[in-house]
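So you can see what is in the structure, the chains are spelled out below.
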Amino acid sequence: MRVDKYLWSIRYFKTRSLATNACKKGHVKVNDQVVKPSRDVYPTDKIELRKDQINYCIIVNDVPESRVGAKLVDIYRTDITPKEAFEAKDLLKYSKDYYRKKGAGRPTKKDRRDIDDFYETSDEDI
């Protein structure tokens, strides 16, 4: 089975075209080699996949006939992704814990006062 179809069938991507695009961008490696979407996958292959700023590591147990249900995914793959990868994503989420989105326009008066207060307190620390 093709690697893009495999990643779609074990539910790492919502559509097959997303899996294909990830392969084309070089986000998918099979046995430590960057692969094209048409590369075949066999049992015992190790797939490394970068998705949502997490590097997933998967070992292929078996190749499904078609897309499988969420409860049956573990039959076809073994996930060996280290827990540090998920913790790093949580830290990234906390670092972006501000309420103004980029491109939201000029800061309000309150925002400007908060920024000024921040700079005044940092100058006192020096």
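Scroll up for the structure.
Because the structure is predicted, anything quoted here is derived from the model rather than measured.

Q: Is there a simple way to explain the sheet that holds strand S4 (residues 54–60) in this structure?
A: Neighbouring strands of a sheet are bound in pairs by backbone hydrogen bonds; such pairs are parallel or else antiparallel. The strand order across the open sheet built from 5 strands is S2-S1-S3-S4-S5, with neighbouring strands paired in antiparallel fashion. With one partner strand each, in any of the chains shown, strand S2 (33–34) and strand S5 (77–79) form the two edges of the open sheet.

Q: Is there a simple way to explain the pairing of S4 in this structure?
A: Side chains on a regular strand alternate between the two faces of the sheet. Buried residues dominate S4, accounting for 5 of its 7 residues. Relative to S4, strand S3 (residues 46–51) runs antiparallel, the two being bridged by 6 bridges. Within S4, the position partnered with Lys 46 by the bridge is Ile 59. Connecting the antiparallel pair S3 and S4 is a turn made up of 2 residues, with Asp 52 showing a positive phi of about 55°. In terms of strand pairing, S4 meets S5 through 3 bridges, oriented antiparallel. Counterpart to Ile 59 in the pairing with S5 is Thr 78.

Q: Hey, could you run me through the nonpolar core in this one?
A: Across soluble globular proteins, you tend to see nonpolar side chains buried next to one another. Counting 23 residues, the largest nonpolar core has Val 3, Leu 7, Val 28, Ile 47 and Leu 49 as the members making the most contacts within it. Elements supplying a minimum of two residues to this core: helix H1 (3–9), helix H2 (16–24), strand S1 (28–30), S3, S4 and helix H3 (73–76). Sorting elements by how many residues they give to this core places S4 first, with 4 residues. When sequence neighbours within four positions are dropped, the list of residues in contact with Ile 47 reads Val 3, Tyr 6, Leu 7, Val 28, Lys 29, Val 30, Val 41, Tyr 56, Cys 57, Ile 58 and Val 60.

Q: Before we go on, may I ask you to explain unusual backbone geometry in this structure?
A: For Arg 11, which is not a glycine, the phi torsion comes out positive at approximately 70°. Examined against the element boundaries, Arg 11 turns out to sit in the loop between H1 and H2. Located in the positive-phi region is Thr 44, a residue other than glycine, with phi close to 75°. Thr 44 gets classed as exposed once you look at its relative accessible area, which sits at 66%.

Q: It is not clear to me how the side chain of Asp 4 should be interpreted in this structure. Could you clarify?
A: Its location among the elements puts Asp 4 in helix H1. Judged by relative accessible area, Asp 4 falls into the buried class, the value being 1%. Those residues within four positions of Asp 4 in sequence are excluded, and the remaining contacts are Arg 16, Ala 19, Thr 20, Cys 23 and Pro 37.

Each value, and the rule that gives it
- Residues numbered from 1 in each chain as written.
- Predicted model: local features only at pLDDT ≥ 70, side-chain atom pairs only at ≥ 80, totals over all residues.
- Heavy atoms only, no water.
- Pairing = 2+ DSSP bridges.
- Helix = DSSP H or I, 4+ residues; strand = E, 2+ residues; numbered from the N terminus.
- Buried < 20%, exposed > 50% of the residue type's maximum accessible area, 1.4 Å probe, protein only.
- Core = buried A, V, L, I, M, F, W, Y, C linked by side-chain atoms within 4.5 Å.
- Contact = heavy atoms within 4.5 Å.

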